[in-house]
Amino acid sequence: QRKIRGGVTVDQHPCVSVLVVDVLEGAPMAEGVSLEGWLDFIHRLHAAFDEIVAANCGFCVDVPGEGYIVVTGHEENNNSTASLLAMAEAFMSVSKNVLVSLQTSGMHNKPLEIRIGISTGPSFAAAVGTQSPRYIFFGQTVIDAIKIQNEAPQGCVLICNQTREKLKGSQYECEPW
């Protein structure tokens, strides 16, 4: 359903799932690494994430620093929450593989840790901006995903109860945290 507010067309989505990835210790990891080496690392990590998202019919919403935000369900895909969890598993795996190349080049010797938060619920979306327009998602579900990611232990995927409910009957078994 679309509404126009202040000249901007806002799409209302009754149920989306939002995944937020954070690279822990991103700034300290960059210390002692050349700018070229760090940019190469971030580029390879995000390129790998982009491939995963494209293969799973997700939509990359935002890339804040080393982070990454993906939304599914905005196109009424019934399996969107399960595909988002598949993306989360793939993100965990690929982050370790990208780091190996950084370690091999001698630029980094600590394990890369990411954490992921997923929330499911209603959301809004709109194309905003004039210089560099972009399609953004916003609302409580996005805010909750960011909060959940902040609470997730390193190396883990933390989901909200609504996401767990949507996963019932899928191949994923989730335990309360």
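Conventions used here
Residue positions are counted from 1 within each chain, in the order its sequence is given. With pLDDT at 70 or above as the cut-off, local features in this predicted model cover only qualifying residues; side-chain atom pairs require 80 or more to be listed or tallied, and sums for whole chains, interfaces and linings still use all residues. Side-chain numbers here rest on the full set of heavy atoms in the structure, without hydrogens or water. We define a salt bridge as a side-chain nitrogen of Lys or Arg found within 4 Å of a carboxyl oxygen belonging to Asp or Glu. Helix numbers and strand numbers start at the N terminus; a helix is a DSSP run of H or I with at least 4 residues, a strand a run of E with at least 2. Working definition: with a 1.4 Å probe on protein chains only, accessible area under 20% of the residue-type maximum means buried, over 50% means exposed, and in between means partly exposed. By this definition, two strands are paired if DSSP reports at least two bridges between them. The predictor attaches a confidence to each residue, and that confidence, scored 0 to 100, is pLDDT. The criterion used for residue contact is that any of the two residues' heavy atoms lie within 4.5 Å. Any two rings among Phe, Tyr and Trp, with Trp reduced to its six-membered ring, count as a pair given centres within 6.5 Å; such a pair is stacked if its planes are under 30 degrees apart, edge-to-face if over 60, and tilted if neither.

Q: Teacher, can you tell me more about the pattern of salt bridges here?
A: Pairing is possible between side chains that carry opposite charge, provided their charged atoms lie close to one another. Using the criterion set out here, one finds three salt bridges in the structure. A salt bridge links Arg115 to Asp22, with the shortest nitrogen-to-oxygen separation between them at 3.4 Å. Residue Arg115 is found in strand S5 (residues 114-128), and its partner Asp22 is found in strand S2 (residues 8-23); the two are separated by 93 residues along the sequence. Judged by its relative accessible area of 17%, Arg115 falls in the buried class. Owing to a relative accessible area of 21%, Asp22 belongs among the partly exposed residues under this scheme.

Q: Explain the pairing of strand S6 (residues 134-138) here, please?
A: Regular strands show a simple pattern: their side chains alternate between the two faces of the sheet. With five bridges connecting them, S5 and S6 associate as antiparallel partners. Within the sheet, the bridge partner assigned to Ala125 lies in S6 and is Phe137.

Q: I would appreciate a short explanation of the confidence of the model for the protein in the present structure.
A: Detailed reading of the predicted model is not advised wherever pLDDT is low. Of the residues in the protein, 80% reach a pLDDT of 70 or more, and the chain-wide mean stands at 82. Predicted confidence in the protein is weakest over helix H1 (residues 26-30), with a mean pLDDT of 61, and strongest over helix H4 (residues 140-151), with 94.

Q: What exactly am I supposed to notice about the environment of Thr141 here?
A: When you line up the elements, Thr141 lands in helix H4. Taking relative accessible area as the criterion, Thr141 reaches 5% and is therefore assigned buried. Residues Thr141 and Cys160, 19 residues apart in the sequence, show an inter-C-alpha distance of 9.9 Å. Not counting residues within four places of it along the chain, the set of residues in contact with Thr141 comprises Val16, Val18, Ser119, Thr120, Gly121 and Pro122.

Q: Mind showing me how you'd approach the packing of aromatic side chains here?
A: Any aromatic ring pair is given by two values, namely how distant the centres are and how the planes are angled relative to each other. All told, the structure shown has seven aromatic pairs when counted by the stated rule. Note on Phe59 and Tyr135: the rings are 5.9 Å apart at their centroids and 80° apart in plane angle, and the pair reads as edge-to-face. In this pair, Phe59 sits in strand S3 (residues 59-62) while Tyr135 sits in strand S6, placing the two residues 76 residues apart along the sequence. When its relative accessible area of 28% is taken as the criterion, Phe59 is described as partly exposed. Residue classification places Tyr135 among the partly exposed residues on the basis of a relative accessible area of 27%. Each ring, one from Tyr68 and one from Phe91, has its centre 5.7 Å from the other, and the planes form 80°; the classification is edge-to-face. Taken together, the residues Tyr68 in strand S4 (residues 68-72) and Phe91 in helix H3 (residues 80-104) connect sequence positions 23 residues apart. In terms of burial, Tyr68 and Phe91 fall into one category: buried. Ring pairing ties together the aromatic residues Phe49, Tyr68 and Phe91, which thus form one cluster.

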